[in-house]
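Spelled out from the first residue to the last, the chains are:
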Amino acid sequence: MDYRYQYSQQPPPVGQYPPPASTPAYPPGAYALPNMPPQMVPRPYPQPQQVQSHPMVVIPQRSSQFNQQYQQHNANRHPQYIQPQAPAQRPQPPQKPQPPQTQIYPQVVIPKPSPPVPVTSSIAAPTTATAANAAPPVSYQLLLLSLAEEYIAAAHAMGSVAALAQRQKDLGKYYKLMATGLGCMESVLKNWRLHPRMEATLSLRYASLLHDETDNNTIIETVLSKGITLCQRSRLLDLKYSMQHLLARVLFKTNPRAALKTLDNVIPEAEAYQHVAWIYAFRFLRVSLSLQIPSHPETSSALQNLHSISALAERQGDKAIYVTCAALEAMVHLRTPGSDSIEQAQRAIASARSLQLETSVKDLGQIVALVDFLDLACSLQHYIPDQALAKMATMQAIMDQAVLPNKDKDMDNGTFTVLLDQSSGGQLTASTGGIFQKTADGRDQLTFSWLHRRDLYSLAYYLSGVTSHLKNEVKAENYLREGLKLIRESFDLRESAPESVTSASNRMTWRTVIDWHMRLHLAFMCCSRADWSSAETALESLRQTAANTSIDSSGTLMRFATYLGGVIEQGKGLTASALSTYQSSMLSLPNSNVRTSDARTDVSILAAMNSLLVIRDVSHPQHHLAESLLAGIEPLCLTHPNKNIVSAFHLIKATTNSKDSIVKTKQCIQSALQAAKSISNQQLLCISMNLMTAMFFTDIVGEQAEKSAKAGRLLAKRCKDDLWICVADGMLADTLEKHGKMQEAQVVRQEMMELKDKLPHNLTGA
């Protein structure tokens, strides 16, 4: 007989089950489950003790956590067996009796004193999931480094504004941000042990910022020394070379010789391992530092390193490096005294132009512009106006074709890159702190620092104005004023590229100096046309700028301003004060008669010439100094490459040395005319021709005398100098009267009287 029981939907309390009403007791496990694998048959449990006279049996149950772990454990070992649910309705018992069967009881788990089941990976899953949901631990070193970069980026974002405005509030905020960022980096380096590459990279970054923002050279050297040791131990060659490169720049601030010695020790090491990219970097740095030491041995050393770079670049096929090296060599020759320096510079420029059409060189917009600047400078040094004008046109075309198209190529941050065509460094240039940059195809580019694009155009306007002034062209002043306009706009612009206050201040100083030189040339243009009031106004502002020692540390600007003041005083007829200015210690001649190619010596020569013009009169109290002063400047003038100085010296010699014969005087005037004519200097031609008329055609009646006087008047009008126009008109009027041409003489004399009223009273004697 089949007995089936229907259990209520609501289960009894845990551990309490009522005994069956009419069924006998069956031992546990006596009921055989059909079609069940042997391994899934429940194991028999110990026989519980008989309980008498109790309505129910309370059996302690295992904890729910243990049951959950046990079920998961068994689920991993065997397939899960699902017991079918009880039928919804109780069926009617059959009519025929059936043999008795074991009754199915609800499964009861009785705790055993057996050891606990070992915990497997599946049991630990809930713990892992719980840990994943919890917040991860804070990485304080990464947090500090992130904060450091944010502080530094915020400081650099306001660097150009702070440098331009120079307000204490802005500067204080900038330095506070920078100090906080550096403090975060220092804390990470001191308090955490990082991976060697990460630590070396952070040390390089930290030292670079200290170098740019502070004067703590001792701390920088300590950080770099430790970093180089770390890189040496961990074989981090890219960071090691970068730190040695930075260390040389740091040492140069306090001990230039030690910096050069450091580079001389590093370069052979790079050459021994054939690390070509770093050979270029170290030798170019050696050239840059050598040129900052004004001595002949260091200049020779710079040229020697440039020759080594050229030879290596030619062997390796790095054409852009070769062109850059040739341009720098030309620049070194231009600033080196010597009779053949300009020829050597032109030879280097020719070498650079021989590869100018190469693909890798076409992208060098600023280097191509530098080559044209240097080529124009050679013509200016030779003082060949026609050739200089042709090169000026070429330079302007290059600025429009090579520099302007690259305007949006990258951010204008005052740097340009030179491609290494064949000598890529690979992992040696992976992390260099900005010394190298990688192209899209993985090749290396060596980074150079020069001028911003706007500053490059300002320099082009300045050179164009100076070149045009050689021919007394009207557009010379237009070029200079356009350059001034560009510079003034630059002072009001905030640079898009983030930068430090130091680099922004250096750029502002450069712009101030180029602005000062443009205003100086405009002042001299006013002097050439006798506009003394405009020249005086310009002089006052020039003196204010030159008084700033941070801008004019060498005193060159003040020397120019002093000479301009003497020229204005002499032009207004204040000869006593002008002579005192020319004889000041600032404008004294060099002790040696050896020719030196620098502006300071040229200004001293011009001051001596102006002094001779004042004391050449026999009645002057200092006339006895004229002969010795003339002899002192003669060797400097006759060998001078500037034909203007040669022509002016011959004119002064013709009027000062009264002991010379008429033949020697004529030779001097003839030499002055030839030199002035070769360079198309209208002012010197005017003075030479009028001097010839005054010395050799006064009280002479003849066609030659009249032609000489008319030529002098025509040249005076070309140079637009009212003083010399009055002088030429007076001599022409006297000559015409002697030839009986009274009506023409009256017209010329009337013009002279009208111009005379415009001249300073000290010049007219009124």
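The rules we used
Residues numbered from 1 in each chain as written. Predicted model: local features only at pLDDT ≥ 70, side-chain atom pairs only at ≥ 80, totals over all residues. Heavy atoms only, no water. UniProt positions renumbered as here; feature names shortened; annotations may be inferred. Helix = DSSP H or I, 4+ residues; strand = E, 2+ residues; numbered from the N terminus. Expected span 1.5 Å × (residues − 1). Buried < 20%, exposed > 50% of the residue type's maximum accessible area, 1.4 Å probe, protein only. pLDDT = per-residue confidence, 0-100. Contact = heavy atoms within 4.5 Å. Patch = residues over 30% accessible without salt bridge, like charges linked within 9 Å, V, L, I, M, F, W, Y side chains within 5 Å. Areas by Shrake-Rupley, 256 points an atom, 1.4 Å probe, with all protein chains shown as cover. Salt bridge = Lys/Arg side-chain N within 4 Å of Asp/Glu carboxyl O. Core = buried A, V, L, I, M, F, W, Y, C linked by side-chain atoms within 4.5 Å. Axes fitted to C-alpha atoms, helices over the stretch in contact; angles between N-to-C directions. Parallel < 35°, antiparallel > 145°, perpendicular 65-115°, else oblique. Left-handed = near helix turned anticlockwise from the far one by under 90°. Nonpolar A, V, L, I, M, F, W, Y, C, P; charged D, E, K, R; others polar.

The protein has the name Cohesin loading factor-domain-containing protein in an unreviewed UniProt entry, where Glonium stellatum is given as its organism. Among the UniProt annotations of the protein, the heading Subcellular location (unreviewed entry) holds the following wording: "Nucleus".

1. Considering helix α23 (residues 599–615)
When the terminal C-alpha atoms of α23 are compared, their 25 Å separation across 17 residues agrees well with the 24 Å that a helix rising 1.5 Å per residue should span. Counting buried residues in α23 gives 13 out of 17 residues, a clear majority hidden from the surface.

2. So, the confidence of the model for the protein
Here the protein averages 81 in pLDDT, while 78% of its residues score no lower than 70. Ranking the elements of the protein by mean pLDDT puts strand β2 (residues 57–58) last with 43 and helix α10 (residues 276–290) first with 97. Confidence drops under a pLDDT of 50 for residues 1–34, and excluding neighbours within four residues, the segment shows 45 contacts in the predicted structure. Confidence drops under pLDDT 50 across residues 73–132; counting only partners more than four residues distant or on other chains, this segment forms 58 contacts.

3. Some details on a nonpolar patch on the surface
Where nonpolar side chains cluster on the molecular surface, the patch consists of V138, Y140, L143, L147 and Y151 and spans about 450 Å² of accessible area. Structurally, Y140 can be placed in helix α3 (residues 140–157).

4. So, the nonpolar core
With 98 residues, the main nonpolar core has L224, W278, Y280, F284, I321, F436 and L446 as its most contacted residues. If sequence neighbours within four positions are ignored, W278 has contacts with D238, Y241, S242, L428, T429, T432, I435 and F436. L579, A626, M689 and C719 belong to the second-largest nonpolar core, a separate cluster that totals 40 residues.

5. What to know about the packing of helix α5 (residues 168–191) against helix α6 (residues 196–213)
Two elements in contact, α5 and α6, have axes whose closest approach is 10 Å; the angle formed by their N-to-C orientations is 150°. Between α5 and α6, the angle is such that the two are roughly antiparallel. Regarding α5 and α6, the two cross each other, and that crossing is left-handed. Between α5 and α6, the residues in contact are Y174, M178, L182, M185, E186, V188 and L189 and E199, L202, S203, R205, Y206, L209, L210 and E213, respectively. Per-class residue counts for the contact of α5 with α6 are 10 nonpolar, one polar and four charged.

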